[in-house]
Each structure stands twice: as structure tokens, then as C-alpha cells.
Amino acid sequence: QVQLVESGGGLVQAGGSLRLSCAASGRTFSSYAMGWFRQAPGKEREFVAAISWSGGSTYYADSVKGRFTISRDNAKNTVYLQMNSLKPEDTAVYYCAAKNPTTEVVTTEYEYDYWGQGTQVTVSS
């Protein structure tokens, strides 16, 4: 079992930056693929970014490419999402997700096995 706890959300003006963190429990964190998803009010949850177990491969949604960066520190059992040049349309609850040991980068929601509780990001115009 893996528990995920997100932090770092908040209120920021358009053009600003935030860094989200997701701390994971468990001794096998380094073997999990990790991802970030988000859900805006009235919308379905959508993929944001994903990273492979080693951090060597990453993948981004077109809407955040060039502005967001996903990274991980396996020694700290933590995955990060650096968000720059934020826009009002980035406002959402952001969720961290983990997939049981795999070497792949995983971008589809249903493939993930564990989810955090989410952290709110609000971008004002």
C-alpha cells in the first residue's frame, strides 16, 4: 500500500509560480511511475504530467508543456510539479498518483493504482 500526500497549493496571480510536492510512503517508491492530474470545477479529471521510475522519461499535456516541470527525488520519496507562468485556466485541484512498479511513463488515469487527496491551486487574473 502506498499513501500519497500533496502539498504546495495555494492562491497565486496569473504569471506566477508554484511548486507542488507529493510525499509517498513505502519502501518501493523508486520503482513506481508517478503522475499529476487535475480537476477543475465542473470538469473531468485530466492528465497533467508523468514521470518514469528513474526520472529519465517525462511526458506532459500540451496545455502545460513548456510551463510545468515534473521531477522526483527517490531518496526523499517525493515527486514535484514546478508550475511557472500560471494562467487562470490552470485553476483546479491537483492530484498526485502512483502506479505499481513499472518502467513506463503512464499517462492514463485508469492505470494508476494510488491517489492523493489533492491540493487546490487557484490562479487569479
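Numbering of residues begins from 1 in every chain and follows the order in which that chain's sequence is written. The predicted nature of this model means local features are confined to residues of pLDDT at least 70 and side-chain atom pairs, given and counted, to a pLDDT of 80 or more, with totals for whole chains, interfaces and linings taken over all residues. Side-chain numbers here rest on the full set of heavy atoms in the structure, without hydrogens or water.

A. A look at the overall build of the protein chain. Numbering goes from the N terminus for both helices and strands, where a helix is a DSSP run of H or I of at least four residues and a strand is a run of E of at least two. Summing up its helical and strand segments, the protein chain has 0 helices and 11 strands in all. Starting at the N terminus and walking to the C terminus, you meet the elements of the protein chain as β-β-β-β-β-β-β-β-β-β-β. In terms of overall dimensions, the protein chain is globule-like: its C-alpha atoms have a radius of gyration of 13 Å, near the 14 Å expected for 125 residues. Here the C-alpha coordinates of the protein chain stretch approximately 40 × 25 × 25 Å along the principal axes. Type-normalised accessible area, obtained with a 1.4 Å probe on protein chains alone, sets the label of each residue: buried when under 20%, exposed when over 50%, and partly exposed for intermediate values. Burial status across the protein chain gives 44% buried among its 125 residues. Sequence-distant contacts in the protein chain: of pairs separated by 6 or more residues, those separated by 24 or more amount to 60%. Positive charges are assigned to Lys and Arg, negative charges to Asp and Glu, while His and the chain termini are left out of the count. Taken as the charge location is NZ of Lys, CZ of Arg, CG of Asp or CD of Glu. Between the centroid of the 11 positive side chains of the protein chain and the centroid of its 11 negative side chains there is a distance of 6 Å. As defined in this context, the radius of gyration uses C-alpha atoms, and a globule is described by 2.2 Å times the residue total to the power 0.38. Contacts: residue pairs with any heavy atoms within 4.5 Å of one another.

B. Structural view of the nonpolar core. Ranked by internal contacts, the top residues of the largest apolar core, which has 38 residues, are Leu4, Met34, Trp36, Val79, Leu81, Met83 and Tyr94. Breaking this core down by element, the ones donating at least two residues are β3 (18-24), β4 (33-39), β5 (46-51), β7 (68-73), β8 (78-83), β9 (92-99) and β11 (119-124). Side-chain atoms within 4.5 Å are what join buried Ala, Val, Leu, Ile, Met, Phe, Trp, Tyr and Cys residues into a set we call a nonpolar core.

C. Inspection of the sheet that holds β7 at higher detail. Here a strand pair is declared whenever DSSP counts at least two bridges between the two strands. The strand order β1-β3-β8-β7 describes an open sheet built from 4 strands, whose pairing is antiparallel. Two strands close off the open sheet at either side, each with one partner strand: β1 (4-7) and β7. The average angle at which neighbouring strand axes cross in this sheet is 15°, direction not considered. All axes here are fitted lines through C-alpha atoms, helices being fitted over the stretch that makes contact, and every angle between N-to-C directions spans 0 to 180 degrees.

D. Looking closely at the state of the cysteines. The criterion for a disulfide is a pair of cysteine sulfur atoms lying within 2.5 Å. Taken as a whole and assessed by the stated rule, the structure comprises 1 disulfide. Here cysteine 22 pairs with cysteine 96 through a disulfide, and the sulfurs are 2.0 Å apart. The chirality of the disulfide connecting cysteine 22 with cysteine 96 is left-handed, given an S-S dihedral of about -75°. Here cysteine 22, found in strand β3, pairs with cysteine 96, found in strand β9; they are 74 residues apart in sequence, far enough to count as distant. Grouping residues by exposure puts cysteine 22 and cysteine 96 together as buried.

E. Fine view of the side chain of arginine 67. Structurally, the position occupied by arginine 67 is in the loop between β6 (58-60) and β7. Looking at arginine 67, the relative accessible area reads 11%, which means it is buried. N or O atoms closer than or at 3.5 Å make up a polar contact, with two conditions inside protein: a donor-capable atom paired with an acceptor-capable one, and, for residues adjacent in sequence, both atoms drawn from side chains. A polar side-chain atom of arginine 67 sits 3.0 Å from the main-chain carbonyl oxygen of serine 85.

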